[in-house]
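The residues making up each chain are set out below.
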Amino acid sequence: MHKKIDAFNSYIHQLFKTYKLFFSSAKVVSLLLIVLLPIQAIVPLISVQVGQNIIDNIVSHSGVWILFVVWVITTLLIQILPTISLMIQGVLTDKLTGFINITLMNKSRDLKSLNIFDDPKYFDDLQMLKSDASWRPVNLIVFGLSVVQQAITLIAMFAVLSKYNLILSLALIFVMIPQSISYYRIQQDSFETMVTRSKNARKLNYYSSMLLDREDSKEVRLFNMFSPIIGKYKELFSSTQNDVNGIRRKQALISTLYLSLVTIVIGYGFYWFIDSVISGNNKIGVLLLYVSVISYISSSMARIVEDSSLLYDSLLWVDKFYNFINFKDSIYDGKQSFPKEFKALNISNVSFKYPFSEKYALNNITFSVNRGERIAIVGENGSGKSTLVKLLMRFYDVTKGNISIDGLDVSSISIEDYRDNMSATFQDFSKFKLSLGENVSAAKPYSSDKVMESLNKVGLKDFLVSKNINLKTVMSKEFVDGTDASGGQWQKIALARDLYNDGMIEFLDEPTSALDPRSELELYETFLNNSKGKTIFFVTHRLSAVQYADRVLFMKNGSISGFDSHENLLQENEEYADLYNIQKNSYK
């Protein structure tokens, strides 16, 4: 019982948070709806009572024409108010959608670290917020306002009924509440489909996406996986459907029992009103009133239940929205400026484990890099190379130890100013569905000459000419007149973005993984020649690239296994020499 009360209280709390959200997005429009909704809810009752008085006056041969005019006006209002309300709701929907999306984007801007992406709960919530942000506001407004309007109508109708027979009114409330709760559960099963609600939902969705998404399309077709996957889907769907249908049948039986009780009470009420008219206690018009009131009570109760059910998921979405907005980033953001003329970057006794992980990804890392040095970071998969780069770029705070520049702890430097002096090409670089020029310039001040210069430096001039691509061409076929590029060409665009950004410290995380050896050689030479005087870290699996490094940081199992020139490591570090020779021999 306590759980049900808590659930109801939570529902009401979320409902009020939703209405608060309406006001935050559009105060004037929300106020218009506050005025309009009660009028729209009460007008039907006025129309019914005027109709009752018209019938009574006809029977008693009294005047009816003024009442007739009032009835026509109320009937007209019943017809036109929903249209006006829908128009205003449309305006509110637009404003709320924009407000929610802008609020989400602003919050994302405030999150300086990647911590939220490592929290499974918040990450799942973020994915839902992102995917549903375009249509959830519509549900919130349509169903949220309908609940209020129908509730006002319901209260008004019960108030009128209580004026004639309080016990009948209370009896109706007594039997309709449990019937409505039962109907609410049926509504949840009807509109939140068995696929989305069952414990097997994720597996069913995965089977479907395997055959429909682009990601697996080649191998699915090559190995003709359609029949077995469709078979798995059918089997799991059938078994899940049987379980859910059993619950639905039980709920339908319970609902039928409650409906029978409601029918008995309504029948008794009609009998009571007929008897009161025959005995002369009430005029005949009261029969029209009773039939109309019962009709409105039934329809309003059904609408409240149905719309509350449909609104429930959206209220949970609002809860996730506020959870995300209130998420506190744990990374420390300092106030100091980045030292432009720094001499050395020092990593001292740094250990690190990712949020929500007990295992250390880096263990007691210590080394120093002088300004202008080129450092190759090498090691096998899982050795901690990319993790180290993330720490150096301040996507996370270190767990132990510190990273400093000329003795100044990087955590005391403003993150925005710190990153403004960094540039990078990541292994999983972004392919922005923006124009080519915007892909290169990113958020930096735009210069078409500098964009073209950066693209030419990475060897994309001939590609752009042959494909008739200009700086305004959108790099996605999802948009009109858009285009796409190969993996290697996209990697060069990412490198051009790196050059355009012109950071004092460069990070290249597997920057040539999609290129052939010749293109890799040319690109390294071009890139490094255009980055003279800069401090460069480049992560690579291809040890042929270490020839461009002043020193090599050799990592193994989250620790430093060697840090010296390539030649010295070959002579003094057996593990490094073995790794280098294995790759060298594979090219023979």
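Residues numbered from 1 in each chain as written. Predicted model: local features only at pLDDT ≥ 70, side-chain atom pairs only at ≥ 80, totals over all residues. Heavy atoms only, no water.

(A) Representation of the overall build of the protein. Along its length, the protein carries 20 helices and 10 strands. Taken over C-alpha atoms, the radius of gyration comes to 34 Å for the protein, far larger than the 25 Å a tight globule of 588 residues would show. Structurally, the protein occupies a C-alpha span of about 115 × 50 × 50 Å along its principal axes. The buried share of the protein, taken over its 588 residues, is 44%. Sequence-distant contacts, at least 24 apart, represent 75% of the contacts inside the protein between residues at least 6 apart. Each charge sign in the protein was given a centre, from 61 positive and 58 negative side chains, and these centres are 5 Å apart. (Helix = DSSP H or I, 4+ residues; strand = E, 2+ residues; numbered from the N terminus. Rg over C-alpha atoms; globule rule 2.2 N^0.38 Å. Buried < 20%, exposed > 50% of the residue type's maximum accessible area, 1.4 Å probe, protein only. Contact = heavy atoms within 4.5 Å. Lys, Arg positive; Asp, Glu negative; His and termini not counted. Charge placed at Lys NZ, Arg CZ, Asp CG, Glu CD.)

(B) Representation of the sheet that holds strand 4 (residues 400–405) in the model. Taken together, the four strands give an open sheet; going across it, the order is 2-1-4-5, and neighbouring strands pair in antiparallel fashion. Both outer strands of the open sheet, strand 2 (362–370) and strand 5 (408–409), are each paired with one neighbouring strand and no more. Packed onto the sheet, helix 12 (residues 385–392) meets strand 1 (344–352), strand 2 and strand 4 and runs at close to 120° relative to strand 1. (Pairing = 2+ DSSP bridges. Axes fitted to C-alpha atoms, helices over the stretch in contact; angles between N-to-C directions.)

(C) Examining the nonpolar core more closely. Counting 40 residues, the largest nonpolar core has Val378, Leu436, Leu455 and Phe538 as the members making the most contacts within it. Broken down by element, this core gets its largest block of residues, seven residues, from helix 17 (residues 487–501). The contacts of Leu455, once residues within four sequence positions are left out, are Leu436, Val440, Leu460, Lys461, Leu464, Leu471 and Ala496. Counting 37 residues, the second-largest nonpolar core is a separate cluster that includes Tyr19, Leu37, Leu111 and Phe327. (Core = buried A, V, L, I, M, F, W, Y, C linked by side-chain atoms within 4.5 Å.)

(D) Broad picture of the pairing of strand 6 (residues 422–425). Here strand 6 shows a buried face lined by Met422 and Ala424 and a second buried face lined by Ser423 and Thr425. The pairing of strand 6 with strand 7 (residues 505–509) spans four bridges and is parallel. Residue pairing for strand 7: Met422 is matched across the bridge by Ile505.

(E) Local environment of unusual backbone geometry. Of note in this structure, His61 is not a glycine but carries a positive phi near 60°. Relative to the elements of secondary structure, His61 occurs in the loop between helix 2 (27–59) and helix 3 (65–110). Located in the positive-phi region is Asn364, a residue other than glycine, with phi close to 50°. Topologically, Asn364 is positioned in strand 2.

(F) Just the pattern of salt bridges, in detail. In the structure shown here, the tally under the stated rule is 13 salt bridges. In this structure, the salt-bridge partner of Lys17 is Asp319, at a minimum N-O distance of 3.9 Å. Of the two residues, Lys17 sits in helix 1 (residues 2–25) while Asp319 sits in helix 11 (residues 285–325), which places them 302 residues apart along the sequence. Residue classification places Asp319 among the partly exposed positions, given a relative accessible area of 25%. Among the ionic contacts, a cluster of salt bridges with common partners joins Asp502, Glu506 and Lys534. (Salt bridge = Lys/Arg side-chain N within 4 Å of Asp/Glu carboxyl O.)

(G) The arrangement of helix 2 in detail. Taking 1.5 Å per residue as the helical rise, helix 2 with its 33 residues ought to reach 48 Å, and the 49 Å between its terminal C-alpha atoms agrees with that figure. Maximum bend of helix 2: about 30°, positioned at Ile42, with proline Pro44 one to four residues after it. Just past helix 2, the residue His61 takes up positive phi, approximately 60°. (Expected span 1.5 Å × (residues − 1). Bend = angle between axes of the 7 residues up to and from the residue.)

(H) Broad picture of the packing of helix 3 against helix 11. At a closest axis distance of 10 Å, the pairing of helix 3 and helix 11 adopts a crossing angle of 30°. As helix 3 runs across helix 11, the sense of the crossing is left-handed. Across the interface between the two elements, Ile100, Thr103, Leu104, Lys107 and Ser108 from helix 3 touch Trp317, Phe321, Phe324 and Ile325 from helix 11. Looking at the contact of helix 3 with helix 11 residue by residue, the classes come out as six nonpolar, two polar and one charged. (Left-handed = near helix turned anticlockwise from the far one by under 90°. Nonpolar A, V, L, I, M, F, W, Y, C, P; charged D, E, K, R; others polar.)

(I) Representation of the packing of aromatic side chains in the model. All told, the structure shown has 21 aromatic pairs when counted by the stated rule. Centroid distance Phe367 to Phe563: 5.5 Å. Interplanar angle 65°. Geometry classified as edge-to-face. Taken together, the positions of Phe367 in strand 2 and Phe563 in strand 10 (residues 559–564) put the pair 196 residues apart, joining distant regions of the chain. Given the relative accessible area of 22%, Phe563 is considered partly exposed. Members of the aromatic cluster, each reached through a chain of ring pairs, are Tyr164, Phe270, Trp272, Phe273 and Tyr290. Sitting above the plane of the Phe342 ring, Arg371 keeps its charged end 5.3 Å from the centroid. Note that Lys450 overlies the ring of Tyr500, its terminal NZ or CZ placed 4.7 Å from the centroid. (Phe/Tyr/Trp six-rings, centres within 6.5 Å; stacked < 30°, edge-to-face > 60°. Lys NZ or Arg CZ within 6 Å of the ring centre and 35° of its normal.)

In short, the description is geometric, and any link to function would need to be established separately.
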